[in-house]
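Examining the three-dimensional arrangement
Residues per chain, in single letters:
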Amino acid sequence: MCGDMDDDESEIEERLYARFRAHAQTLLAEAAPQEPADLNQYLDKLFSDGLSRSVRDGEQVDAAQRYERLAMQPLVFARLAGFLAGHLALSEDPLRKVIEAMMMGYGEAEALDHAQANDHDHHHGDVPAHDHHH
């Protein structure tokens, strides 16, 4: 019985990691310029570099460890965001900006689910997006 639950959890983790990888590949296909011409292009490249590193790090470990690594990466990036924001003027309201950016990224994952759902007729085996209607 307990082994069945572990198998189910492992399967869910594999599917969630596959969902992340598919979304990341979609975003990375929209390649940021290698030589950013302005601040927005620089920010897009920085995001792309971080995402690329996350995917690469996941692919370098055993499949059984990929989800665990993915689950810990947001904590590291949040720590980095807090560290960077902690050096900005309070008048710029850095914490609000960081939280808004996190929510934007969270929403992007769901938007990619919806975009992919519109591209497919069948969704057998798909992992549903987070339900925000609890």
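Counting of residues starts from 1 at the beginning of each chain's written sequence and follows it residue by residue. In view of the model being predicted, local features appear only for residues whose pLDDT reaches at least 70, and side-chain atom pairs are presented and counted only at 80 or more, with totals across whole chains, interfaces and linings using the full set of residues. With hydrogens and water excluded, all non-hydrogen atoms of the structure serve as input to the side-chain values.

Turning next to the overall build of the chain. When you go through the chain residue by residue, the secondary structure sums to four helices and zero strands. Strands are runs of DSSP state E lasting at least two residues, helices are runs of H or I lasting at least four, and both sets are numbered from the N terminus onward. Listing the helices and strands of the chain from first to last along the sequence gives α-α-α-α. Of all 134 residues assigned to the chain, the portion counted as buried reaches 17%. Excluding contacts between residues fewer than 6 apart, the proportion of contacts in the chain whose partners are at least 24 apart in sequence is 58%. Buried residues are those whose accessible area, probed at 1.4 Å on protein chains only, stays under 20% of the maximum for their type, while exposed residues exceed 50% and partly exposed ones sit between those limits. Throughout, a contact is declared for two residues whenever any of their heavy atoms are within 4.5 Å.

What follows is about the layout of surface pockets. Cavities and pockets are defined on a 1 Å grid built over the protein atoms alone: a cavity is a set of grid points where a 1.4 Å probe fits but cannot escape, while a pocket is an open set with protein on both sides within 12 Å along at least five of seven lines, and lining residues are those with an atom within 4 Å of any such point. Grid points are joined across faces, edges and corners, and a volume is the space filled by probe spheres set on the points. Its boundaries defined by the atoms lining it, the largest pocket holds a volume of some 2300 Å³. When contributions to the lining of the largest pocket are tallied by element, the ones reaching two or more residues are α1 (2-29), α2 (39-59), α3 (63-85) and α4 (94-119). A per-class count over the lining of the largest pocket returns 31 nonpolar, eight polar and seven charged. All amino acids are sorted into three groups, where Ala, Val, Leu, Ile, Met, Phe, Trp, Tyr, Cys and Pro are nonpolar, Asp, Glu, Lys and Arg are charged, and the leftover types, Gly among them, are polar.

What follows deals with α3. For α3, built from 23 residues, the straight-helix expectation of 33 Å at 1.5 Å per residue is met to within 8% by its first-to-last C-alpha distance of 34 Å. When we look at burial in α3, the residues that qualify are R66, L70, Q73 and A85. One fewer than the residue count of a helix, multiplied by 1.5 Å, yields its expected span.

Next up on the list: the pattern of salt bridges. Where charged atoms from two side chains of opposite charge approach closely, those side chains can pair. By definition, a salt bridge exists where a carboxyl oxygen of Asp or Glu is found within 4 Å of a side-chain nitrogen of Lys or Arg. A complete count under the given rule lists eight salt bridges for this structure. With its nearest N and O atoms 3.5 Å apart, the salt bridge here joins E11 to R15. Residue E11 and its partner R15 are both found in helix α1; the two are separated by four residues, about one turn of the helix. A residue is classified by how much of its surface remains accessible, and R15, at 30% relative accessible area, is partly exposed. Across the pair D57 and R53 runs a salt bridge whose closest N-O atoms are separated by 2.8 Å. Taken as a pair, D57 and R53 lie in helix α2 at a separation of four residues, close to a single helical turn. On the basis of relative accessible area, D57 is assigned to the buried category, the value being 16%. On the basis of relative accessible area, R53 is assigned to the partly exposed category, the value being 46%. Three or more residues joined by partner-sharing salt bridges are found here, namely R21, E59 and R66.

The next point concerns a nonpolar patch on the surface. There is a patch of nonpolar side chains on the surface, built from L39, Y42, L43 and L46 and spanning about 400 Å² of accessible area. Take L39: it is sitting in helix α2. Relative accessible area serves as the criterion here: at 58%, L39 is assigned to the exposed category. For patch detection, residues must exceed 30% relative accessible area and be free of salt bridges, and they are connected within 9 Å for like charges or within 5 Å for nonpolar side chains (Val, Leu, Ile, Met, Phe, Trp, Tyr). For accessible areas, the Shrake-Rupley method is used with a probe of radius 1.4 Å. Any residue's cover is judged against the shown protein chains and nothing else.

With that settled, consider α2. Look at α2: 30 Å from first C-alpha to last across 21 residues, which is about the 30 Å you get at 1.5 Å a residue. Sitting at the head of α2, D38 places a side-chain oxygen 3.2 Å from the backbone nitrogen of N40. In protein, a polar contact requires one atom able to donate a hydrogen and another able to accept it; more generally it is a pair of N or O atoms within 3.5 Å, and residues adjacent in sequence count only if both atoms are side-chain atoms.

Let us look at the side chain of S54. Turning to its location among the elements, S54 is positioned in helix α2. In contact with S54, other than residues within four places in its own chain, are F20, Q73 and F77.

Before going further, it helps to examine the environment of A63. Structurally, A63 is set in helix α3. Relative accessible area serves as the criterion here: at 48%, A63 is assigned to the partly exposed category. Separated by 46 residues in sequence, A63 and Y17 place their C-alpha atoms 9.4 Å apart.

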